Protein chains: 2
Amino acid sequence: MATDTKTALLNSAERAARTRGFDGFSYADLSADVGIRKASIHHHFPTKAALSVALMERYYDDLKAVCDQIDVSHKTGGARLTALIDRYRSALEGGKSLCLCVSFSTSRESLPEEVIAQIGRFREMIIAWTETVFAAGQTDGSIAHVANPAVEAAAALPLLEGAQLAARVEENPALFDSAVQILTQRL
Amino acid sequence: MATDTKTALLNSAERAARTRGFDGFSYADLSADVGIRKASIHHHFPTKAALSVALMERYYDDLKAVCDQIDVSHKTGGARLTALIDRYRSALEGGKSLCLCVSFSTSRESLPEEVIAQIGRFREMIIAWTETVFAAGQTDGSIAHVANPAVEAAAALPLLEGAQLAARVEENPALFDSAVQILTQRL
DNA sequence: GTCTATATGTGGATAGAC
DNA sequence: GTCTATCCACATATAGAC
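This section reports on the structure supplied with the text. Here the structure is a predicted model, which is why all the values come from computation and not from measurement. (Residues numbered from 1 in each chain as written. Chains lettered and ligands numbered in written order. Predicted model: local features only at pLDDT ≥ 70, side-chain atom pairs only at ≥ 80, totals over all residues. Heavy atoms only, no water.)

1. Quick word on the relation of the copies chain B and chain A
Note: a rotation about an axis with an accompanying shift along it relates these two copies of the chain. The line we're drawing: Least-squares superposition aligns the copies on the C-alpha atoms of those residues with pLDDT at or above 70 in both. Only heavy atoms matter for contacts: two residues are in contact if any of them lie within 4.5 Å across the pair.
The two copies are related by a screw operation: chain B maps onto chain A through 180° of rotation and 0.0 Å of translation along the axis, at an RMSD of 0.0 Å. The relationship between the two copies is best expressed as a two-fold rotation axis. A symmetric contact is evident, with 100% of the interface residues of chain B recurring at the interface of chain A.

Okay, structure coming up:
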């Protein structure tokens, strides 16, 4: 069964946004990629703003599921933190891509207010979850010198995002590894 | 004495790039801001790509001078790190602005290769300087638990940049403070 | 060095037939 | 739900007069 057109559009748009930025792709690009005419895309997403909202909504749900899955498959705080770092590392795709949240954060002025609010909720969700990870690592001893899980969590997400941005600018994933070594050396 | 036209254009473009992104301003905006016609801008900067190179070149020199000045006016590693954090904090301008390096990093696909190379050199310069700061803080005891200055420096810049990006998305400078608390609590 | 006028391309979006 | 055809706004850039 082929993916339906709407999902195909979301997939194409997400890949495009993550590699070229929200301003870096047009309905013409999606049209060529998915194989329908520009005008037809407006039937599924009346405006590009509506498309951005749908993308961010799906991304929130995806990452929420990822965090839940990590909790299931990894038991120590250290293992969970490693899984999160790995997730951000692999989203780099060799230095050619960012996670959707960073990509959208960098296109602020082109996005509707609704997406800005979604980004806020997304960040809160990830940081809250990361705090539980550091708290677990503090308790089970799998993350060294955790003084304050809330402070650690507030720093971890910006660090992962800044590391992605740096690695992507120079298309060099080693810059990501170098930036997050401050975390991985404690595991 | 009025600033010459070329400098006025650079100033206007830098402010615009930092608040709205490189794709977020046009020659029409500069024209309105500086008070000359669009076509006249091409006399000073033939292409927008050439303008971006000039902006990044000036920014490199500015930050180099800032680091040198910090070395002169602050003696301990801790005081120097505080000064760097303050610099990135104030570049936020209440959550409405980014430093030029982060802004350009987020507009990668619109920039010429020369600017990408300039960003690489800029980042190397800042990270090398930051390493000397952490090394000083380790020696003079003004920064707590420094195990490896190189690892600290490789993380500090992405953290500052990620913190700026987060604070700017929600136009909330408190998010910057929250993210860098992992550093400031050690001072 | 600055101007008017214009070229040329591309963006998102709409109307209306099928 | 998809199409053709078209609109309108705006972008960067150029030609040539003053």
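2. Quick look at the nonpolar core
What tends to happen in soluble globular proteins is that the nonpolar side chains get buried as a cluster. As a reminder, the rule being used: Here, nonpolar core means buried Ala, Val, Leu, Ile, Met, Phe, Trp, Tyr and Cys residues that are tied together by side-chain atoms lying within 4.5 Å of each other. Under the scheme applied here, a residue whose accessible area is under 20% of the maximum for its type counts as buried, over 50% as exposed, and between as partly exposed, the area being computed with a 1.4 Å probe on protein chains only.
Grouped together as the largest cluster of nonpolar side chains are 117 residues, with contacts concentrated most on Phe104 of chain A together with Phe104 of chain B. If we ignore the near neighbours within four places in the chain, the residues touching phenylalanine 104 of chain A are Ala17, Phe22, Ser52, Leu55, Met56, Leu111, Val115 and Ile119 of chain A.

3. Regarding unusual backbone geometry
Using the following cut-off: In this text, helices come from DSSP runs of H or I with a minimum length of four residues, and strands from runs of E with a minimum of two, each type numbered from the N-terminal end.
We note that glutamate 93 of chain A has phi near 50°; this positive angle belongs to a residue other than glycine. With respect to the helices and strands, glutamate 93 of chain A occurs in the loop between helix H5 (77-91) and helix H6 (100-105). According to the relative accessible area criterion, glutamate 93 of chain A is exposed, its value standing at 52%. The phi angle at glutamate 171 of chain B is positive, at roughly 50°, despite the residue not being glycine. Residue placement: glutamate 171 of chain B occurs in the loop between helix H8 (149-169) and helix H9 (174-184).

4. Overview of the packing of helix H1 (residues 5-20) of chain A against helix H2 (residues 27-34) of chain A
Residues and elements named next belong to chain A. As a reminder of what qualifies: Here, axes are lines fitted to C-alpha atoms. For helices the fit covers the stretch in contact, and angles between N-to-C directions go from 0 to 180 degrees. Under this scheme an angle from 65 to 115 degrees is roughly perpendicular, one under 35 degrees roughly parallel, and one over 145 degrees roughly antiparallel; angles in between are oblique. In this scheme, a crossing is called left-handed if the near helix is turned counterclockwise away from the far one by less than a right angle; it is called right-handed if the turn is clockwise. In this classification, Asp, Glu, Lys and Arg are treated as charged, Ala, Val, Leu, Ile, Met, Phe, Trp, Tyr, Cys and Pro as nonpolar, and every other residue, Gly included, as polar.
At a minimum axis distance of 10 Å, the contact between H1 and H2 shows a crossing angle of 125°. In terms of orientation, H1 and H2 fall into the oblique class. The interaxial crossing formed by H1 with H2 has right-handed handedness. Contacts from Ala8, Leu9, Ser12, Ala13 and Arg20 of H1 reach H2 at Asp29, Leu30, Asp33 and Val34. Residues of the contact of H1 with H2, tallied by class, amount to five nonpolar, one polar and three charged.

5. Topic: the interface of chain B and chain A
Cut-off, in case you're wondering: Summed over both partners, the accessible area lost on bringing two parts together, with a 1.4 Å probe, is the buried area. A pairing counts as a salt bridge when a side-chain nitrogen of Lys or Arg comes within 4 Å of a carboxyl oxygen of Asp or Glu. Polar contact is defined as a pair of N or O atoms within 3.5 Å, subject to the rule that within protein one atom must be able to donate a hydrogen and the other to accept it, and that residues adjacent in sequence are counted only when both atoms are side-chain atoms.
Listed per partner, the contact involves 31 residues of chain B and 31 residues of chain A. Across the interface of chain B and chain A, roughly 2,800 Å² is buried in total on both sides, 64% from carbon and sulfur atoms. It is Arg108, Val151 and Val169 of chain B that lose the most area in chain B upon contact with chain A, and together they represent 21% of the buried surface on that side. Here chain B is connected to chain A by four salt bridges. Taking the shortest distance from any N to any O, the salt bridge between glutamate 109 of chain B and arginine 168 of chain A comes out at 3.9 Å. Put simply, chain B and chain A have four residue pairs in polar contact (both at pLDDT 80 or more) between them. Listing elements by their share of the side of chain B that touches chain A, those giving two or more residues are helix H6 (100-105), helix H7 (113-140), H8 and H9 of chain B. Element by element, the count of residues in the side of chain B that touches chain A is highest for H8 of chain B, at 12 residues. Looking at side-chain class alone, the side of chain B that touches chain A contains 14 nonpolar, nine polar and eight charged residues.

6. Comments concerning H9 of chain B
We apply this condition: The arc in question is traced by the directions running from the helix axis to the C-beta atoms.
Every buried residue of H9 of chain B is listed here: Phe176, Ala179, Val180, Ile182 and Leu183 of chain B. Down the axis of H9 of chain B, the buried set is contained in an arc of 115°. They therefore lie on one face. Turning to H9 of chain B, the residues buried within the fold contact helix H8 (149-169) of chain A together with helix H5 (77-91), H7 and H8 of chain B.

7. Remarks on the state of the cysteines
Think of a disulfide as a covalent bridge from one cysteine sulfur atom to another cysteine sulfur atom. Residue and element names in this part refer to chain A. Under the convention used in this document: Sulfur atoms of two cysteines make up a disulfide when they are within 2.5 Å.
All chains considered together, the criterion is met by zero disulfides over all chains. There is no disulfide at cysteine 67, and the cysteine sulfur nearest it, in cysteine 99, is 12 Å away. Residue class for cysteine 67 comes out buried when judged on its relative accessible area of 2%. For cysteine 101, which is in no disulfide, the shortest distance to another cysteine sulfur is to cysteine 99 and amounts to 5.5 Å. Overall, cysteine 101 belongs to the buried group, its relative accessible area being 0%.

8. A word on the side chain of serine 31 of chain A
Within the fold, serine 31 of chain A resides in helix H2. When neighbours within four sequence positions are excluded, serine 31 of chain A is seen to be in contact with Ile36, Arg37, Lys38 and Ile41 of chain A.

9. Notes on the protein's contact with DNA strand D
Keep this limit in mind: Here a residue is considered near a molecule or strand provided that any single heavy atom belonging to it is located within 4 Å of it.
With respect to spatial proximity, 16 residues lie near DNA strand D, and among them Arg37, Ser40 and His44 of chain A together with Ser26 and Lys48 of chain B are the closest. Near the protein, within 4 Å, the atoms of DNA strand D are sugar or phosphate in 60% of cases. Within the side chain of serine 26 of chain B, an N or O atom sits 3.3 Å from a phosphate oxygen of DNA strand D. The greatest single-element share of the surface near DNA strand D, amounting to four residues, is contributed by helix H3 (residues 38-44) of chain A. A per-class count over the surface near DNA strand D returns six nonpolar, seven polar and three charged.

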